[in-house]
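Report on the structure
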Amino acid sequence: MGTYQYRHYPYVRPPELAGKAAARRPVAIVGAGPVGLAAAIDLAQQGIASVVLDDNDVVSVGSRAICWSKRTLEIFDRLGVARRMVDKGVTWQVGRVYHGDTELYRFNLLPEGGHQMPAFINLQQYYVEEYLVDRVLEFPHLIDLRWKHAVTGVHDSGDGVVVTVETPDGTYPLQADWLIAADGAKSTVRTLLGLPFEGRTFEEKFLIVDVRMDADYPSDRRFWFQPTFDQGQSVLIHRQPDDVFRIDFQLGWDADGEVERQPERAMARVRRVVGPDVHCDYEWCSVYTFRCARLARFVHGRVVFAGDSAHVVSPFGARGGNGGLQDVDNLCWKLARVLRGEAPASLIDSYDRERTHGADENILNSGRTTTFMTPKTAVERQLRDGVLALAPFFPFARMLVNSGRLSRPCHLQGLPGFARDEDQVGGEMRPGAPCDDAPVVDAGGQSGWLLAHLGSRPTALVFVADRRDAGHIAGTAAAAGIADLAVIAITDRRLGDLPLPELVDRDGLVRGRYGGATGVTYLIRPDQHVLGRWRDWDPAVLGAAWRDCLGSGKA
Amino acid sequence: MTHLRRDDGFAGRGDAFYEQLVAAHRGLSEADSGALNARLVLLLANHIGDPTVVVEAIAAARRGLGDAVAGTQEDR
C-alpha cells in the first residue's frame, strides 16, 4: 500500500489511571492534527505546558490538506519546523487555468523576490503531522501528547474546564485552566457543548484520487473547466512529493459517491486524464461534499475553538488548514500572557474578533469560488459560460474566472487593539498587517531573514542611522515598560558594536516595504503583525500601544 | 474614438460583482431571469451611451454564437 509508511504512536497508560495525583494543566488541547500540534509547540516555546489528547494513534490517514501557504510556512518557521517541510514539499507559485483544451491564463502568487518562504508548498498532511510530532517530542517537559485518549465530556467550571477522557484502560477526569478544541470539522467538543454550526451546504460532489506515477507534470497548480478528458465539470491537478499527484474531479450532485470511490472506477477516470502509457499506482481516494460554516463565537468561557472545529470552507483556495494555522498564531501568545498573569482573560476575546474576521474572509472567498464552479440554474450556467467564452479575448473576463482564490495572510486593519496610523509612514505595513519578510544581515555578518527575528514576543523595529541614535534607543527602551520587549536596529550598512541587535537592510527591501526613514519605529506583535508605527522613537508611545493591545479584548 | 474596455474595470472587485449578479437571479424563473438580463443590458448600454462602444460590445458578445457574422448590420 501507498508511498507513506504509517507508524502507530505508543499509547501510554495515563498517570491518572495509575493511582497518581492528577495535576491541573494550564492548557488541554483536543486533537493532534496540524492545528492542535502547532498550538502545543507554540505554547511550549513560550513556556506554557499543555496536554494533547487524540482519539487515534496515527497521523492523517490520506493526504487531505496538501497546500501550505507562505504565511503558514512563516508560522511553521517560528515553530522550528518549516525547513524540513520546504525541503520535502513541492514548491509552486503559478496557477494555470484551462477551459477545455485552451489555457485561459496563469496567475503568479509571488511575483516579487526577497521573501524566505515560497508562495506555496504541496506536502501531504501526514508528513506535516509527522514533522510536528517530532518537534513536539523535543519538549518532553512541556508537552504531554496522549494517543488513544478520546474526549467524552467537557464541563466548564467557571475558572477552568474538566474534561472526561476515555482510554483503553478506562476513563478519567482531567482539569485544565483552558481547553483548545482542535478536533476538526466533526468536533466532539462542539457537539458536547451543543453549539450550532451554521452555514451553507453546496450541492456538489467531488472525488479526490492520489496516484503515484512517473509523469513529468509541472509543479504548477492546473485547473480545467469542462475538460475534454473527463465528463465532469472541472478537474484540478496538484503535484505532491514522492511522485504522488492529487487529481480532484468535480462529479456533479447526482453522482453516486459509493460507486465513484471504488478504486477501479477512480483509476479508470485517472487513466483518461493521464493517457494509456503512464505507469500509475493507486494511493488513496475520497468522495467529498463541503459546507461553508462557522461557529458564531470561537470562545466559549474557557473553551477556545481553532481550525476546522471553528470554521469550514470549500477546499478550493487552500483556506482550511492555512486558516487553522493562523488561528494558532493569533491565539497562543495571548493565551500565554493570560496564563502568566500579564494580560486580562478578556484578551482572548480579541482572538474571537480577529479570527472570526479571518474566517468570514475565507468563507466569502471560497463561497464565491464555489458559486462560479457549480452553477445551480440555467442562467447561472449561462453567466459562468459567458465569462469562460470571453476570457480568451478579454482580460477583465479572465479576472472573473474563479477556480479558487488562494489563501492570503489575513489583514487585521481597522480592528480594535491596533494603534492609529497617523504618522504618514510610507509602505504597506499598516497596523494590523502581517509583516512582510525581507533579506537582512545580522551583526555577525550572517545573511538571514527579517521574519526570523520577529515573533513570540513584542518587538520594536527602529530605523537607525548612527551609533548615537542606537545608544539613545537602548538607553531609553526600559521606559516603554514592556517586560519582554525586543528592540532591533535596522541599518543601511553595518555600524557594528551597537548596544542593540543590528540587522543590516542588505537589499534595501526593509526600507522599501516598511517606509523606513531614519527614526521610523514599528511595534510588532508576537504573531508578526504590525501593532503600530510612528515617525520617531518614543518608548512611552510604544508602552501605551502595547497595554492598549493587551486590554483590548472588551473594546 | 473610445473603444470597448478590455481590462479589469472592477478594480479588483470583480468577484463581488459576479456574486451580486448571480444573487440578483436567485429565486427567479428562467423567463424572469431572461427579462432581468434584458433590462440590465438596456440600462448598462444607456449608461455607456457611446454607440461605437455598444456596437463593439455586441460584436464581441456574438462571437461564436449562431452562424451569423457577428455584429454587422446584416444581422438584423
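Criteria and thresholds
- Residues numbered from 1 in each chain as written.
- Chains lettered and ligands numbered in written order.
- Predicted model: local features only at pLDDT ≥ 70, side-chain atom pairs only at ≥ 80, totals over all residues.
- Domains from an automatic or database assignment.
- Helix = DSSP H or I, 4+ residues; strand = E, 2+ residues; numbered from the N terminus.
- Nonpolar A, V, L, I, M, F, W, Y, C, P; charged D, E, K, R; others polar.
- Contact = placed C-beta atoms within 7 Å.
- Pairing = 2+ DSSP bridges.
- Axes fitted to C-alpha atoms, helices over the stretch in contact; angles between N-to-C directions.
- Buried ≥ 20, exposed ≤ 12 C-beta atoms within 10 Å, placed from the backbone.
- Arc of directions from axis to C-beta.

Bringing the domain arrangement of chain A into the picture now. All names here are of chain A. Annotation of chain A at the domain level lists domain 1 (15–90 + 119–196 + 292–360) and domain 2 (439–554). Those elements that provide at least two residues to the side of domain 1 that touches domain 2 are α2 (70–78), α8 (321–339) and α9 (347–373). Among the residues forming the side of domain 1 that touches domain 2, the class breakdown is 5 nonpolar, 5 polar and 6 charged.

Here the focus is the interface of chain A and chain B. The partner chain B presents 15 residues to the 17 residues of chain A that form the contact. When residues of the side of chain A that touches chain B are traced back to their parent elements, those giving at least two are α9, α10 (378–390) and α11 (395–400) of chain A. The dominant element in the side of chain A that touches chain B, judged by the number of residues it contributes, is α10 of chain A, at 5 residues. In terms of residue class, the side of chain A that touches chain B is made up of 11 nonpolar, 3 polar and 3 charged.

Turning our eyes to something else, we now look at the sheet that holds strand β23 (residues 486–491) of chain A. Pairing between the strands of a sheet is mediated by backbone hydrogen bonds and can be parallel or antiparallel. Residues and elements named next belong to chain A. Taken together, the 7 strands give an open sheet; going across it, the order is β21-β20-β24-β23-β22-β25-β26, and neighbouring strands pair in mixed fashion. Single-partner strands in this sheet number two, and they are β21 (447–449) and β26 (530–534). Taking the axes of each pair of neighbouring strands and ignoring which way they run, one obtains an average angle of 30 degrees across the sheet. When β23 meets strand β24 (residues 502–504), the two strands line up parallel, connected through 3 bridges. Among the inter-strand pairings, Ile490 is bridged to a residue of β24, identified as Leu503.

This part is about the pairing of strand β25 (residues 521–524) of chain A. All names here are of chain A. The alternating pattern of β25 places Thr521 and Leu523 on one face and Tyr522 and Ile524 on the opposite face, and all of these are buried. With 4 bridges joining them, strand β22 (residues 459–463) and β25 adopt antiparallel strand pairing. Among the inter-strand pairings, Val462 is bridged to a residue of β25, identified as Thr521. Examined bridge by bridge, β25 and β26 share 4 bridges and lie antiparallel to one another. Its bridge partner being in β26, Thr521 is matched across the sheet by Trp534. Between β25 and β26, which pair antiparallel and follow one another directly, the connecting turn spans 5 residues, one of which, Gln528, has a positive phi of 60 degrees.

This next bit is on helix α12 (residues 467–476) of chain A. Residues and elements named next belong to chain A. If you check which residues of α12 are buried, you get Asp469, Ala470 and Ile473. Angularly, the buried residues of α12 cover 95 degrees about the axis, an arc narrow enough to put them on a single face. Exposed residues lying more than 90 degrees from the buried face of α12 are Arg468 and Gly475. Tucked inside the fold, the buried residues of α12 contact β22 and β23.

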